[in-house]
Amino acid sequence: MDPKGREVPGYRMHAFVCGHTRPEGSARGCCSEKGSLELMRKFKLDSKGKGLTDVRVQKSGCLDFCENGPTCVIYPNGDWFRITEESIPKLIEFLDGGKLPSEYLLNLKA
Ligand code: FES
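This section reports on the structure supplied with the text.

Here is what the cut-offs are and how they apply
- Counting from 1, residues in each chain are numbered in the order their sequence is written.
- Predicted model: local features are reported for residues with pLDDT of at least 70 only, side-chain atom pairs are reported and counted for 80 or more only, and whole-chain, interface and lining totals are derived from all residues.
- For the side-chain quantities, the full set of heavy atoms in the structure was used; hydrogens and water were omitted.
- By definition here, a salt bridge exists when the distance from a side-chain nitrogen of Lys or Arg to a carboxyl oxygen of Asp or Glu is within 4 Å.
- Each axis is a line fitted through C-alpha atoms, and for a helix only the stretch in contact is used; angles between axes span 0 to 180 degrees, taken between their N-to-C directions.
- Put simply, DSSP H or I for four residues or longer makes a helix, DSSP E for two residues or longer makes a strand, and each gets a number counted from the N terminus.
- For classification purposes, angles smaller than 35 degrees are called roughly parallel, those larger than 145 roughly antiparallel, those between 65 and 115 roughly perpendicular, and all remaining angles oblique.
- By convention the crossing between two helices is left-handed if the near helix lies anticlockwise of the far one by an angle smaller than a right angle, and right-handed if it lies clockwise.
- Note on contacts: a residue pair qualifies if any of its non-hydrogen atoms lie within 4.5 Å across the two residues.
- Gly is put with the polar residues, along with every residue not named as nonpolar or charged; the nonpolar set is Ala, Val, Leu, Ile, Met, Phe, Trp, Tyr, Cys and Pro, and the charged set is Asp, Glu, Lys and Arg.
- Working rule for helices: expected span equals 1.5 Å times residues minus one.
- Residue exposure (1.4 Å probe, protein chains only): buried if accessible area is under 20% of the type maximum, exposed if over 50%, otherwise partly exposed.
- Working definition: the arc comes from the directions between the helix axis and the C-beta atoms, pointing outward to the latter.
- Side-chain atoms alone can form a polar contact between residues adjacent in sequence; in general such a contact is a pair of N or O atoms within 3.5 Å, and within protein one must be able to donate a hydrogen while the other accepts it.
- Pairing between two strands requires that DSSP report at least two bridges joining them.

Across all of its chains, the model carries six salt bridges by this definition. Notably, a salt bridge pairs Asp2 with Arg6, separated by 2.7 Å at the nearest N-O pair. Linked through salt bridges whose partners overlap, the residues forming this network are Arg28, Asp64 and Glu67.

Quick look at the structure:
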């Protein structure tokens, strides 16, 4: 057992929010210039506030869907979202066993 009382490694669900930064004016842009780090912090704090101890929300490097971000992917199913302020309560409900918030699924721009 580890110091947090866990007997096995891993999480029931694991959310990654891209926090990548590129130089200003780069062709692809980046998620951090669209507020991803602030969104990730709110998502993480609100999920903890909800008492979700078997999930993890964390920053990731570039998830390679930069133009469509800020991006978020949630495992184990690998569902991809465009994270926004409005989406966070729905994403937390999803982490808590609620339905997939399909209205926030990532739609790729041509
Ligand atoms: S910069 Fe976020 S997906 Fe690439």
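Glancing now at the packing of helix H1 (residues 36–49) against helix H2 (residues 87–95). It is at 10 Å that the axes of H1 and H2 come closest, and there the two elements cross at 45 degrees. The orientation of H1 with respect to H2, classified from their angle, is oblique. Here H1 and H2 pass one another in a crossing that is right-handed. For the pair H1 and H2, contact is made by Leu39, Lys42, Phe43, Asp46 and Ser47 and by Ile88, Leu91, Ile92 and Leu95, respectively. Residues that form the contact of H1 with H2 fall into these classes: six nonpolar, one polar and two charged.

Spanning 14 residues, H1 covers 19 Å between terminal C-alpha atoms, matching the ideal 20 Å at 1.5 Å per step. Among the residues of H1, those classed as buried are Ser36, Leu39, Met40, Phe43 and Ser47. On an axial view of H1, the arc spanned by its buried residues comes to 100 degrees, and they lie on one face. H1 presents Leu45, Lys48 and Gly49 as exposed residues on the side facing more than 90 degrees away from its buried surface. Buried residues along H1 sit in contact with strand S1 (13–18), strand S2 (55–60), strand S3 (71–75) and H2. Looking one or two residues past H1, Gly51 carries a phi angle of roughly 85 degrees, positive in sign.

With respect to the helices, strands and loops of the structure, Arg22 is situated in the loop between S1 and H1. In sequence terms Arg22 and Ser32 are ten residues apart; their C-alpha atoms lie 8.3 Å from each other. Here Arg22 is in contact with Arg28, Gly29, Cys30, Cys62 and Cys66, once residues within four sequence places are set aside. A polar side-chain atom of Arg22 sits 2.7 Å from the main-chain carbonyl oxygen of Gly29.

Taking strand neighbours across the sheet as the criterion, the four strands line up as S2-S1-S3-S4 in an open arrangement whose pairing is mixed. The sheet is open, and its two borders are formed by S2 and strand S4 (79–82), each paired with just one other strand. Pairs of neighbouring strands in the sheet enclose a mean axial angle of 20 degrees, with direction left out of account. The pairing of S1 with S2 spans six bridges and is classified as parallel. Within the sheet, the bridge partner assigned to Met13 lies in S2 and is Val55. Each of S1, S2 and S3 is contacted by H1, which is oriented at about 165 degrees to S2, the strand it contacts most. Where H2 meets the sheet, its contacts fall on S1, S2, S3 and S4, and the angle it forms with S4 comes to roughly 160 degrees.

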